[in-house]
Amino acid sequence: MQNSARDEGARLEEEKGVLRLEVIQNSLYKDVPKQHLLWLVGMQNVYVLQLPRMPKEYIARLVFDSKHKTLCLIKNNAVIGGICFRQFPSQEFTEVVFHAVSSNEQVKGYGTHLMNHLKDYHVQCGIYHFLTYADQYAIGYFKKQGFSDNITLPKHKYEGYIKDYEGATLMQCTLNPKICYKQLSKVIKRQKEIVQGLVEWKQSKINKVYPGLTCFKKGVSRIPIENIPGIHESGWTPSSVKEEEHSNVNQKHFLHIWNRLKGHNSAWPFLEPVKTEIAPDYYQYIKYPSDLQTIGEKLGQGYYKTKKMFIADVNRIFNNCRMYNDPNTEYYKYAGNLQKFFISELKEAGLYDD
């Protein structure tokens, strides 16, 4: 199993019938199979043991709440792990409430396998955003599962729908409907094997080995790329003069557009970084802030090498505004007005891609 994906063992066990996964829930309106109730009880016990800081009564209430579902990982007809979640289809997200695997079944890739199944289940449901509150011990795990503390889902979508846990970090995972997550690690492993094979094949065709550079030992800090021995033989070609000229032209366009944005009558909320005296919790929700003052500083430093970088930073201003503010606020309206103006300026400069 050397170099195997984290969940490969679990995937093979499922293919052999050793493991199976079921989405179950309690109901107030119809009979629930006895086996499902037994699995819910078993799942409650797993959560109580693995999440000792969570009150037992709270765990029981959510596990057996008819609005919550549980993805159970079953082995020998007993639950050994699972994910309790609640879907909010109208708000376009699902809250991951509990996620745990029995202590004697950990480090086998079961947690990742569960999460991949949950992702595929939601792709089928047409819900592409997960939100969860992770404590300091769980943040690393959720990052490995594709979660981030950069919340792109607009605040009005989830505020008031999920409970805020003190001392925990809100994290989001956005799903790609084109991906089969149960097979993702298998596909990535195969891609790595192909790339490695191509690298080895390419290396086998190179008959000459060039000596390493010794100039750095003599105090030289940098050399032109074209002076590296063998660089031309590898297929590398230097950037053309036209590309450099094009980059300089873009810089002039960026500066012109930036000045035009600053002068727009809807720009005043975005001229400088948001002050915490005005919005105390702003930086709890907005992890990657952007504003026209900061963009101007970056322009002065020659930071924007491509139009994609410049456009992304400007659009981040508008996206952050819409994420933090409700749609009926004046700030939300100003963001829309200024973004329309920004697009028109990009079109006029020939920098806009449909």
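Up top is the structure.
Residues numbered from 1 in each chain as written. Predicted model: local features only at pLDDT ≥ 70, side-chain atom pairs only at ≥ 80, totals over all residues. Heavy atoms only, no water.

(A) Representation of the packing of helix 10 (residues 292-300) against helix 11 (residues 307-324) in the model. Two elements in contact, helix 10 and helix 11, have axes whose closest approach is 10 Å; the angle formed by their N-to-C orientations is 165 degrees. With respect to each other, helix 10 and helix 11 are oriented roughly antiparallel. The way helix 10 lies across helix 11 gives a crossing that is right-handed. Contact residues: helix 10 offers Leu292, Ile295, Lys298 and Leu299, while helix 11 offers Phe310, Asp313, Val314 and Ile317. Looking at the contact of helix 10 with helix 11, its residues break down into six nonpolar, no polar and two charged. (Axes fitted to C-alpha atoms, helices over the stretch in contact; angles between N-to-C directions. Helix = DSSP H or I, 4+ residues; strand = E, 2+ residues; numbered from the N terminus. Parallel < 35°, antiparallel > 145°, perpendicular 65-115°, else oblique. Left-handed = near helix turned anticlockwise from the far one by under 90°. Contact = heavy atoms within 4.5 Å. Nonpolar A, V, L, I, M, F, W, Y, C, P; charged D, E, K, R; others polar.)

(B) Spatial organisation of a nonpolar patch on the surface. Taken together, the side chains of Leu213, Phe216, Val220, Ile225 and Ile228 make up a nonpolar region of the molecular surface, amounting to roughly 380 Å² of accessible area. The residue Val220 is located in the loop between helix 7 (184-205) and helix 8 (241-262) in this model. (Patch = residues over 30% accessible without salt bridge, like charges linked within 9 Å, V, L, I, M, F, W, Y side chains within 5 Å. Areas by Shrake-Rupley, 256 points an atom, 1.4 Å probe, with all protein chains shown as cover. Salt bridge = Lys/Arg side-chain N within 4 Å of Asp/Glu carboxyl O.)

(C) Highlighting the state of the cysteines. Under the counting rule described, the total for this entry stands at zero disulfides. We note that Cys84 lacks a disulfide partner, and the nearest cysteine sulfur, in Cys72, lies 9.5 Å from it. For Cys84, a relative accessible area of 0% puts it in the buried group. Cys173 forms no disulfide, and the closest cysteine sulfur to it belongs to Cys180, at a distance of 15 Å. The class of Cys173 is buried, set by a relative accessible area of 3%. (Disulfide = S-S within 2.5 Å. Buried < 20%, exposed > 50% of the residue type's maximum accessible area, 1.4 Å probe, protein only.)

(D) Just helix 11, in detail. The terminal C-alpha atoms of helix 11, which comprises 18 residues, lie 26 Å apart, in line with the 26 Å expected from a rise of 1.5 Å per residue. The largest bend in helix 11 amounts to roughly 25 degrees and is located at Arg316. Among all positions of helix 11, only Phe310, Ile311, Asp313, Val314, Asn315, Ile317, Phe318, Asn320, Cys321, Arg322, Met323 and Tyr324 are buried. (Expected span 1.5 Å × (residues − 1). Bend = angle between axes of the 7 residues up to and from the residue.)

(E) Seen up close, the environment of Ala10. Along the polypeptide, Ala10 turns up in helix 1 (residues 8-15). Setting aside its immediate chain neighbours within four residues, Ala10 contacts Leu19, Lys108, Gly109, Tyr110 and His113.

(F) Seen up close, helix 3 (residues 56-63). Residues of helix 3 that are buried include every one of Tyr58, Ile59, Leu62 and Val63, and no others. Seen from one end, helix 3 has its buried residues packed into an arc of 125 degrees, which puts them on one side. Exposed side chains of helix 3 directed beyond 90 degrees from the buried face belong to Lys56, Glu57 and Arg61. Packing partners of the buried residues in helix 3 comprise helix 2 (34-50), strand 3 (78-88) and strand 4 (93-101). (Arc of directions from axis to C-beta.)

(G) Expanded view of unusual backbone geometry. If you check the backbone angles, Asn76 has positive phi at about 55 degrees while not being a glycine. Backbone geometry places Glu92, a non-glycine residue, at a positive phi of 70 degrees. With respect to the secondary-structure elements, Glu92 resides in the loop between strand 3 and strand 4. Owing to a relative accessible area of 40%, Glu92 belongs among the partly exposed residues under this scheme.

(H) Structural context of the sheet that holds strand 4. Taking strand neighbours across the sheet as the criterion, the six strands line up as 1-2-3-4-5-6 in an open arrangement whose pairing is mixed. For this open sheet the edge positions go to strand 1 (19-24) and strand 6 (169-174), each flanked by a neighbour on one side alone. On average, adjacent strands in this sheet sit at an angle of 25 degrees to one another, irrespective of strand direction. In terms of strand pairing, strand 5 (residues 129-134) meets strand 6 through six bridges, oriented antiparallel. Across the sheet, residue Thr132 finds its bridge partner in strand 6, namely Met171. Helix 4 (residues 110-125) contacts strand 1, strand 2 (69-75), strand 3, strand 4, strand 5 and strand 6 of the sheet and is inclined by roughly 35 degrees relative to strand 3. (Pairing = 2+ DSSP bridges.)

(I) Structural context of the side chain of Thr70. Its place among the elements puts Thr70 in strand 2. Classification of Thr70 by relative accessible area gives buried; the value is 1%.

(J) Quick look at the environment of Phe98. Following the sequence through the fold, Phe98 ends up in strand 4. Accessibility expressed as a relative area gives 2% for Phe98, which makes it buried. Separated by 13 residues in sequence, Phe98 and Phe85 have C-alpha atoms that sit 7.0 Å apart. Among all residues touching Phe98, those that are not within four sequence positions of it are Tyr47, Leu51, Met54, Tyr58, Ile59, Leu62, Val63, Gly82, Ile83 and Cys84.

(K) A look at the packing of helix 1 against helix 4. At their nearest, the axes of helix 1 and helix 4 sit 7 Å apart, and the two run at 65 degrees to each other. In terms of their interaxial angle, helix 1 and helix 4 are classed as roughly perpendicular. For the pair helix 1 and helix 4, the crossing hand works out as right-handed. For the pair helix 1 and helix 4, contact is made by Ala10, Arg11, Glu13 and Glu14 and by Tyr110, His113 and His117, respectively. A class-by-class count of the residues in the contact of helix 1 with helix 4 yields two nonpolar, two polar and three charged.

Any functional reading would require information that these geometric values do not contain.
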